[in-house]
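Tertiary structure, described
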Amino acid sequence: MFFRSIVSVLALSGCAAHPQVSSSSAVQPTKQYELVDNVRERTVPVIMYGAPAPGSGKPLAVLSHGYGGLNSAYTFLASELVRRGYVVASIQHLEMPNDPPLARTGNLAELRRPVWQIGADNIGFVILEMRERGVADGSDVLLIGHSNGGDMSMLFATQRPDDVRAVFSLDHRRMPVPRTASPRICSARSSDFDADAGVFPSASESSAFGMVITEVPVAHKDMWDGASEEQKTRMLRVLSNCLDGL
């Protein structure tokens, strides 16, 4: 798994003037759940950050890791979201013995769809659980996902747009984004990969929908806690631009 290797720091060029956004010190988990979806016979582990006492729910953000990654690897995002008043549920998307494999060749947007659907169903299950437990306040949800987790999040937003306030991906590359202003569609794009054709609309369409799609000087594999402080700050700027004004 790439998250368990030591990653190199990219050489960063100077950036244009922009309000400073800090990658705040890491927040600590407040609770961990081993949720069980009895309908699908799946265990869905979740790390919670900023969880309030039951019955005093907050706006919910749901984090989905990249393929082969860990749900504990995005504390720089969780810290910023907790600072903004969210309770954060970071899902570990487990691979079960009967799950379809992640396709490596062919039409990936089609062949990976069953894997993304499992992830989207995990997201929906966690949202419902957090609301029933009084942790989430019932407002529309913020979704965040890295790579494959971003594909899952975009699929959920496509299928259940009324449940989503905004969806922010760290360099998802396969699942086409919903062409809509609500939920708001946002993405930090890596410096080393392009999204597949048709994933994003044209620049003019993106602007018309109010999408926030910004390239950052960070490699795809480095979009986690292993990034440098400057790289994390650059990613958080895109998140800030996404959330400000919602």
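Our subject is the structure that appears above.
The rules behind these values
- Residues numbered from 1 in each chain as written.
- Predicted model: local features only at pLDDT ≥ 70, side-chain atom pairs only at ≥ 80, totals over all residues.
- Heavy atoms only, no water.
- Helix = DSSP H or I, 4+ residues; strand = E, 2+ residues; numbered from the N terminus.
- Buried < 20%, exposed > 50% of the residue type's maximum accessible area, 1.4 Å probe, protein only.
- Contact = heavy atoms within 4.5 Å.
- Phe/Tyr/Trp six-rings, centres within 6.5 Å; stacked < 30°, edge-to-face > 60°.
- Lys NZ or Arg CZ within 6 Å of the ring centre and 35° of its normal.

Here we look at the overall build of the protein chain
What the protein chain contains, in helices and strands, is 6 helices and 8 strands. Traced from its N-terminal end to its C-terminal end, the protein chain shows the element sequence β-β-β-α-β-α-α-β-α-β-β-α-β-α. Sorting the 246 residues of the protein chain into buried and exposed places 53% on the buried side. Put simply, 68% of the contacts in the protein chain that link residues at least 6 apart link residues at least 24 apart.

Re the environment of Pro101
Tracing the chain through its elements places Pro101 in the loop between β4 (87-91) and α2 (108-111). Given the relative accessible area of 68%, Pro101 is considered exposed. Residues Pro101 and Arg112, spaced 11 residues apart in sequence, show a C-alpha to C-alpha distance of 8.3 Å.

Quick look at unusual backbone geometry
Cis peptide bonds are those with omega within 30 degrees of zero, and the linkage from Ser182 to Pro183 qualifies with 5°. Counting through the fold element by element, Pro183 comes out in the loop between β6 (164-170) and β7 (184-189). With a phi angle near 55°, Ser147 is a residue other than glycine that sits in the positive phi range. In this structure, Ser147 sits in the loop between β5 (141-146) and α4 (148-159). Phi is positive for Asp171, which is not a glycine, with a value near 60°. Residue position: Asp171 is located in the loop between β6 and β7.

Overview of the packing of aromatic side chains
Counted by the stated rule, this structure contains 0 aromatic pairs. One Lys or Arg, Arg173, reaches over the ring of Phe193 and ends 4.3 Å from the middle of that ring.

Structural notes on helix α1 (residues 75-83)
By the criterion of burial, α1 is predominantly enclosed, with 7 of the 9 residues buried. Within α1, burial applies to Thr75, Phe76, Leu77, Ala78, Ser79, Glu80 and Leu81. Buried residues in α1 make contact with β2 (42-49), β3 (60-64), β4, β5, β6 and α6 (229-243). Within two residues after α1, Gly85 carries a phi angle of roughly 100°, on the positive side.

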